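Below, each chain spelled out in residue letters.
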Amino acid sequence: MPPSYSRCINEGGVNAKLGLRRNKVLFCCAVLALTLASIKLAVPRQYLGISNNAADDDLIKAATFRFNVTYEPTVMKDITPLFDPSFAEYLKKGLSALIAREGNRHYFYKSDSVLLKHWPDADLPYWAAKRFPLNKYITPDKQTCFMHVGKAGGSTVGCLLGFSLHCDTNNQTVSSLLAATTAHISHRCVHDCSDEAAFNLFVIRDPLARALSAFNYGRDEFLKKKSKPWVTDKELIVDCNFWTLNDLAERGLIKDSHNTTEECRVRAKNALIGTGDNLVHWYYNYQYYYELVPPDAKIVVIRNEHIVDDWNSVETMLGGSADLTKEAIPVNNQYEKKPEEVYLSDTAKIVLCETLCNEIQVYKTILKRAQNMKKEHYIQSMQELMTSCPKEAMEESCPDAKPDDSQKVDDCF
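Note that this is a predicted model, so its numbers are computed, not measured.

A. Representation of the packing of helix α9 (residues 207-225) against helix α10 (residues 231-239). α10 packs onto α9 with a crossing angle of 105° between their chain directions and a minimal axis gap of 10 Å. As far as their axial angle goes, α10 and α9 are roughly perpendicular. Judged by residue contacts, G218, R219 and F222 of α9 engage D233, K234, I237 and V238 from α10.

Rendered as structure tokens:
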């Protein structure tokens, strides 16, 4: 019989200090964690009283111990600062002077655009250009590229970096090494990044929360425009009568419910997994941006739920100071939401999480590859994921194969 959870924790702590039987204890505890989790997850969660937004304490404890025992970063992490202190201070002072000089004037600098080098006749959108010129000493191998995943908090971080992403009229750039060295951006079909970049910066968010935000944004944009480019959104929202994400989940993703047509079921699933060209920020998802990054690229992450801590961890990796505060973070591209727009039933959450399984695994991979994410940060995010999608947080694979994104990339580039 496996030991009690408390005994497992206590013996693990004592033996870790003494160096005695540690592997045996860890193995025993890992078995316990998996046993508890499998017992709870083998039965449909609604029958256990485990909702997707309120995983019970035992499951979270078991899962946390499993994450702690089995965590293995997918890359070697180099903690040596990229810039020496004197050069870091020079860059930061230079950016401070530029911010003070340019104030709220809207200049857009296309500093050595990778996109324009390959396609000189291409149009680089204003939001893909920086509000200040890049220092000439920041060569491509010292630059950071901003992988802007929609509806993950990227507009907020982008404004801090000096891009014009739904920023208000004020210049929201913060004087920092990260802002001074983040030269280019990748967003939707605009991939203005160099494979030589020192880092690729992802701003990420709990996948279920991002899916909800992206649906509401897409619906509202459709209602504003109602023009031809949005015809696929009309097919999903109007023709299939999916006006909320809860509608789409309960009537589009659950088989034989509410007399939804097979065509609308297919649209609902394909849209959510990013293979159907509906709702722009579902289409360009974590998998799409992750597969744009070279296999050996270094990734850094800012989690939407922990912007200050993660920004500061990246800043110190570059050689700067951890001095960003919560007060400095702008609030952009947000609006007051109606209760029905954010409501998700337990049934809806379960089926949404199941459909998002591959996207959730990519989210976890990005976290594991992030140079600035320590084990405790990963476990923290997994505990948070347990409150939204507990089964998928525990799993390492999914029933459905990962979608093929190659055509999506080919269509863009």
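We are not done yet, so read on.
B. Quick look at the environment of G218. Within the secondary structure layout, G218 lies in helix α9. G218 gets classed as buried once you look at its relative accessible area, which sits at 5%. Residues G218 and H281, 63 residues apart in the sequence, show an inter-C-alpha distance of 7.6 Å. Residues within four places of G218 in sequence aside, it is in contact with D233 and L279.

C. Just the pattern of salt bridges, in detail. Applying the stated rule across the entire model yields 11 salt bridges. Between K234 and D239 there is a salt bridge; the shortest N-O distance is 2.8 Å. D239 gets classed as partly exposed once you look at its relative accessible area, which sits at 42%. We note a salt bridge from R303 to D310, for which the minimum N-O separation is 2.7 Å. Taken individually, R303 and D310 each receive the classification buried, so the pair is uniform in this respect. A network of salt bridges, in which partner residues are shared, links R219, D220 and E341.

D. Looking closely at unusual backbone geometry. In this structure, K151 takes a positive phi of about 60° despite not being glycine. Following the sequence through the fold, K151 ends up in the loop between β1 (144-147) and α7 (154-161). Notably, N241 is not glycine yet its phi reads approximately 60°, a positive angle. Its location among the elements puts N241 in the loop between α10 and α11 (245-253). For N241, a relative accessible area of 41% puts it in the partly exposed group.

E. Structural view of a nonpolar patch on the surface. Taken together, the side chains of L223, V238 and W243 make up a nonpolar region of the molecular surface, amounting to roughly 220 Å² of accessible area. Its place among the elements puts V238 in helix α10. What makes V238 partly exposed here is its relative accessible area of 33%.

F. Broad picture of the nonpolar core. The biggest cluster of nonpolar side chains holds 65 residues, and the ones touching the most others in it are F202, L248, W282, V301 and I366. With 6 residues, α9 is the largest single contributor of residues to this core. Once you skip the residues sitting within four places of it in the chain, L248 turns out to touch F215, L236, F242, L253, A268 and W282. If you look at the next biggest cluster of nonpolar residues, it comprises 34 residues, including L124, L161, V174 and L324.

G. Just the pairing of strand β4 (residues 199-204), in detail. Counting buried residues in β4 gives 6 out of 6 residues, a clear majority hidden from the surface. Neither face of β4 is open: one carries F199, L201 and V203, the other N200, F202 and I204, and all of them are buried. Pairing analysis gives 5 bridges linking β4 to strand β5 (residues 299-303), with the strands arranged parallel. When the bridges of β5 are listed, N200 appears paired with I299.

H. Here's a closer look at helix α12 (residues 262-273). Helix length check: α12, at 12 residues, gives a terminal C-alpha distance of 17 Å against a target of 16 Å (1.5 Å per residue), a fit within 8%. When we look at burial in α12, the residues that qualify are C264, R265, R267, A268, A271 and L272. On an axial view of α12, the arc spanned by its buried residues comes to 160°, and they lie on one face. On its buried side, α12 packs onto α9, α10, α11, α13 (280-283) and α17 (346-355). In the stretch just after α12, G274 is the one whose phi turns positive, near 90°.

I. Layout of the pairing of β1. The side-chain alternation of β1 yields two buried faces, one formed by T144 and F146 and the other by C145 and M147. When β1 meets strand β2 (residues 182-187), the two strands line up parallel, connected through 4 bridges. If you follow F146 over to β2, its bridge partner there is I185. Summarising the sheet, β1 and β4 pair through 4 bridges and their orientation is parallel. Within the sheet, the bridge partner assigned to T144 lies in β4 and is F199.

J. A look at the confidence of the model for the protein. Model confidence for the protein is summarised by a mean pLDDT of 82, while 77% of its residues fall at 70 or above. Taken together, the stretch residues 1-55 has pLDDT below 50 and engages in 70 contacts with residues farther than four places along the chain or on a different chain.

K. Fine view of a negative patch on the surface. Together, D141, D195, E196 and D296 line one region of the surface with negative charge. Relative to the helices and strands, E196 resides in the loop between β3 (190-191) and β4. Residue E196 is classed as exposed on the basis of its relative accessible area of 54%.

L. How the structure looks around the packing of aromatic side chains. Overall, the coordinates contain 9 aromatic pairs when judged by the stated rule. Consider the rings of F215 and W282, whose centres lie 5.8 Å apart with planes at 40°: the pair is tilted. Pair noted here: F215 is in helix α9 and W282 is in helix α13, with a separation of 67 residues, a long-range link. For the pair shown, F215 and W282 are each scored as buried. Ring centres of Y288 and Y289 lie 5.1 Å apart, and the angle between their planes is 80°; this geometry places the pair in the edge-to-face category. Residue classification places Y289 among the buried residues on the basis of a relative accessible area of 0%. Its end group placed over the ring of F163, K130 keeps NZ or CZ at 5.1 Å from the ring centre. In this arrangement the basic side chain of K408 is found over the ring face of Y283, its NZ or CZ atom lying 4.5 Å from the centre.

What counts, and where the lines are drawn
Residues numbered from 1 in each chain as written. Predicted model: local features only at pLDDT ≥ 70, side-chain atom pairs only at ≥ 80, totals over all residues. Heavy atoms only, no water. Axes fitted to C-alpha atoms, helices over the stretch in contact; angles between N-to-C directions. Helix = DSSP H or I, 4+ residues; strand = E, 2+ residues; numbered from the N terminus. Parallel < 35°, antiparallel > 145°, perpendicular 65-115°, else oblique. Contact = heavy atoms within 4.5 Å. Buried < 20%, exposed > 50% of the residue type's maximum accessible area, 1.4 Å probe, protein only. Salt bridge = Lys/Arg side-chain N within 4 Å of Asp/Glu carboxyl O. Patch = residues over 30% accessible without salt bridge, like charges linked within 9 Å, V, L, I, M, F, W, Y side chains within 5 Å. Areas by Shrake-Rupley, 256 points an atom, 1.4 Å probe, with all protein chains shown as cover. Core = buried A, V, L, I, M, F, W, Y, C linked by side-chain atoms within 4.5 Å. Pairing = 2+ DSSP bridges. Expected span 1.5 Å × (residues − 1). Arc of directions from axis to C-beta. pLDDT = per-residue confidence, 0-100. Lys, Arg positive; Asp, Glu negative; His and termini not counted. Charge placed at Lys NZ, Arg CZ, Asp CG, Glu CD. Phe/Tyr/Trp six-rings, centres within 6.5 Å; stacked < 30°, edge-to-face > 60°. Lys NZ or Arg CZ within 6 Å of the ring centre and 35° of its normal.

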